[in-house]
Amino acid sequence: MSRNTEIFVIGGGPAGLSAAIVASQLGARTLLVDDSARLGGQLIKQTHRFFGSSNRDAGIRGITIAEMLCKEVKDASDRLTVLENTAAVGFYANKEAGILSQDAYERVSYQAAIVCTGATENSLTFENNDLPGIYGAGGVQTLMNVHGIKPGRRILMVGSGNIGLIVSYQLLQAGVEVVGLVEGMPTIGGYLVHASKIRRLGVPIYTSHTILKALGETGVEGAVLCRVDERFQPVPNTELTIECDCICLAVGLTPLIDLFQQAQCRMVHVGELGGLVPLHDSAMRTTNPDVFVAGDASGIEEATTAMLGGRIAGARAYESIHGKSPKAEAIVEEAREELRTLRSGSTGERIRWGRERVLKEVGAC
Amino acid sequence: MLKNTGIITSEELKPVLPAQTRLEKGPVAIIECLQDIPCDPCVSACPVKAIQMQSGITDRPQLDFETCTGCGACVPKCPGLAIFIVNMKHNVPGKALLSMSYELLPVPAKDQEVDALDRAGKFVCKAKVARVINPPAYDRTAVVTIEVPADRINDIRAIKV
């Protein structure tokens, strides 16, 4: 069997949903596939209120934003087809891709593809890091906030970025004891208000510390931490044993990029964006002119910027098929201005550097 | 330092504390948001426009203590749960009222006794719940007001039910 669409969106997270909504609202026939059973990507486990501008979604919980996007998808159903439990498994030449659902493999021919595959969680090297009871923070959030299952009773969090801080808070909300939060850097990586929130509920924050090993034979029974110096080397005789039955790793994300490589997009390694990302211009177009990118796959950020990037990609992909459109231009202008303000200030510094580098490299090709 | 420990030091807190003369007049907000993060729901939450951001959403919120009525509308809107209302003009001698966001279960009831905790989560004293506001519009962020010793108002920042 084969399908035909104008715009083919891969990934039903905040970026993909936003791209598909904009493209279909502008008038493009759009197909969106997502490999999970429920649309929303990471939003469906984000029970916390979002930061950002109150003109957009600030103050609203991620789970509510997912519902709002799904409603917009439904409202656009005359032009927008959604396939859940369906993975995009490869690109062919001649603007064709393969999709695999639970009972069929199909080909999709498209005019423009928007790839919003998101990211995978990073792991960390330490002794016994394969013991049962060691999770990624995304996994913990899925278990807890989607399926209602506690990952453990006493948990140690590793990583003080916003994910580590927020998931610690959500664990406390679920009634799990968070015995500590470990951070290699001397300062907390995420927003300090999130850190204060868990600190005043009694969670110790061990900055300039690392995890040396997990203890236990058949599952996690504890962890050994130690202090690190400014070159992240363990300081002798500073070991500290903590009892826990679960260790949660929140040590960053890496863009999920296999499809871009298959589509022969040129890639660039930008540390500030989480690793290898497809080169793309300010229209979110990669070096393969039929392939656009948005969300964490274009550089690790967060859901609000992913939605705005998705809106830009959706509008520009529409224009790549139907020609210039004042409505599309207005969507792009608005999203760009919002992105500019969201990324200003000291907390957006690394992202600004990373994005500038991508644009510079694109200009050079 | 806040950025190393997650605990605001008294030195760091000073710029966001209202003057004694303002405290004596009645309820007022303390916005413990000390980092230029992209976030602004407090600005639009304020019915008297007492919260401003000069140059965009990564500015720190600037509260005009004289305009602030201490109504508490901003408290549940702050995604960082960083806004507190202090009321030093309380009718019980030696006591003051402290309001804060609370997102854990169970939500305490009025008159219930809870543990008041400091910024490190350390027990400070027992405290009586004076008021709980938890309407649907607050979307599951309850605002809990506790009665605390007036001289510990700047130390207490959490409760354990």
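Quantities reported herein were computed from a predicted structural model and do not represent experimental measurements.

J.: Describe in detail the overall build of chain A, supporting the description with residues and values.
T.: Counting secondary structure elements, chain A contains 9 helices and 21 strands. Its C-alpha radius of gyration of 21 Å places chain A within 12% of the 21 Å reference for a compact globule of 365 residues. Structurally, chain A occupies a C-alpha span of about 65 × 45 × 35 Å along its principal axes. Each of the 365 residues in chain A was classed as buried or not, and the buried ones make up 53%.

J.: Please give an account of the domain arrangement of chain A that cites residues and values.
T.: All names here are of chain A. Split into domains, chain A comes out as domain 1 (2-120 + 253-364) and domain 2 (123-249). A C-alpha centroid distance of 31 Å is found between domain 1 and domain 2. Domain 1 puts 9 residues into the contact, and the matching count from domain 2 is 12 residues. Together, the buried faces of domain 1 and domain 2 total about 860 Å²; carbon and sulfur atoms form 64% of this surface. The tally of links between domain 1 and domain 2 comes to 0 salt bridges. The interface formed by domain 1 and domain 2 contains 6 residue pairs in polar contact (both at pLDDT 80 or more). Looking at the side of domain 1 that touches domain 2, its residues break down into 3 nonpolar, 4 polar and 2 charged.

J.: Explain the sheet that holds strand 14 (residues 209-215) of chain A to me, using residue names and the numbers behind them.
T.: Residues and elements named next belong to chain A. Spatially, 3 strands are ordered 14-15-16 in an open sheet, and the strand pairing comes out antiparallel. Edge positions in the sheet fall to strand 14 and strand 16 (240-243), since each has one partner strand and no second. On average, each strand axis in the sheet is inclined to that of its neighbour by 30 degrees, with strand direction left out of account.

J.: Any chance you could break down the pattern of salt bridges for me, citing the residues and the numbers?
T.: Inspection of every chain in the model, using the stated rule, returns 25 salt bridges over all chains. A:Arg316 is the salt-bridge partner of A:Glu319, the closest N and O atoms lying 2.7 Å from each other. In this pair, A:Glu319 and A:Arg316 both sit in helix 7 (residues 303-322), 3 residues apart, roughly one turn of the helix. Looking at A:Glu319, the relative accessible area reads 9%, which means it is buried. Residues joined in a network through salt bridges with shared partners are A:Arg61, B:Glu103, B:Asp139 and B:Arg140.

J.: Give me the lowdown on the packing of helix 1 (residues 14-26) of chain A against helix 7 of chain A, citing residues and values where you can.
T.: All names here are of chain A. Look at helix 1 against helix 7: their axes get within 7 Å of each other, and the N-to-C directions meet at 35 degrees. For the element pair helix 1 and helix 7, the recorded crossing hand is right-handed. On helix 7, the residues touching Pro-14, Ala-15, Ser-18, Ala-19, Val-22, Ala-23 and Leu-26 of helix 1 are Ala-303, Ala-306, Met-307, Gly-310, Arg-311, Gly-314, Ala-315 and Tyr-318. Along the lines of polarity and charge, the residues of the contact of helix 1 with helix 7 split into 11 nonpolar, 3 polar and 1 charged.

Conventions we followed
- Residues numbered from 1 in each chain as written.
- Chains lettered and ligands numbered in written order.
- Predicted model: local features only at pLDDT ≥ 70, side-chain atom pairs only at ≥ 80, totals over all residues.
- Heavy atoms only, no water.
- Helix = DSSP H or I, 4+ residues; strand = E, 2+ residues; numbered from the N terminus.
- Rg over C-alpha atoms; globule rule 2.2 N^0.38 Å.
- Buried < 20%, exposed > 50% of the residue type's maximum accessible area, 1.4 Å probe, protein only.
- Domains from an automatic or database assignment.
- Contact = heavy atoms within 4.5 Å.
- Buried area = accessible area lost by both parts, 1.4 Å probe.
- Salt bridge = Lys/Arg side-chain N within 4 Å of Asp/Glu carboxyl O.
- Polar contact = N/O pair within 3.5 Å; in protein donor to acceptor, adjacent residues only side chain to side chain.
- Nonpolar A, V, L, I, M, F, W, Y, C, P; charged D, E, K, R; others polar.
- Pairing = 2+ DSSP bridges.
- Axes fitted to C-alpha atoms, helices over the stretch in contact; angles between N-to-C directions.
- Left-handed = near helix turned anticlockwise from the far one by under 90°.

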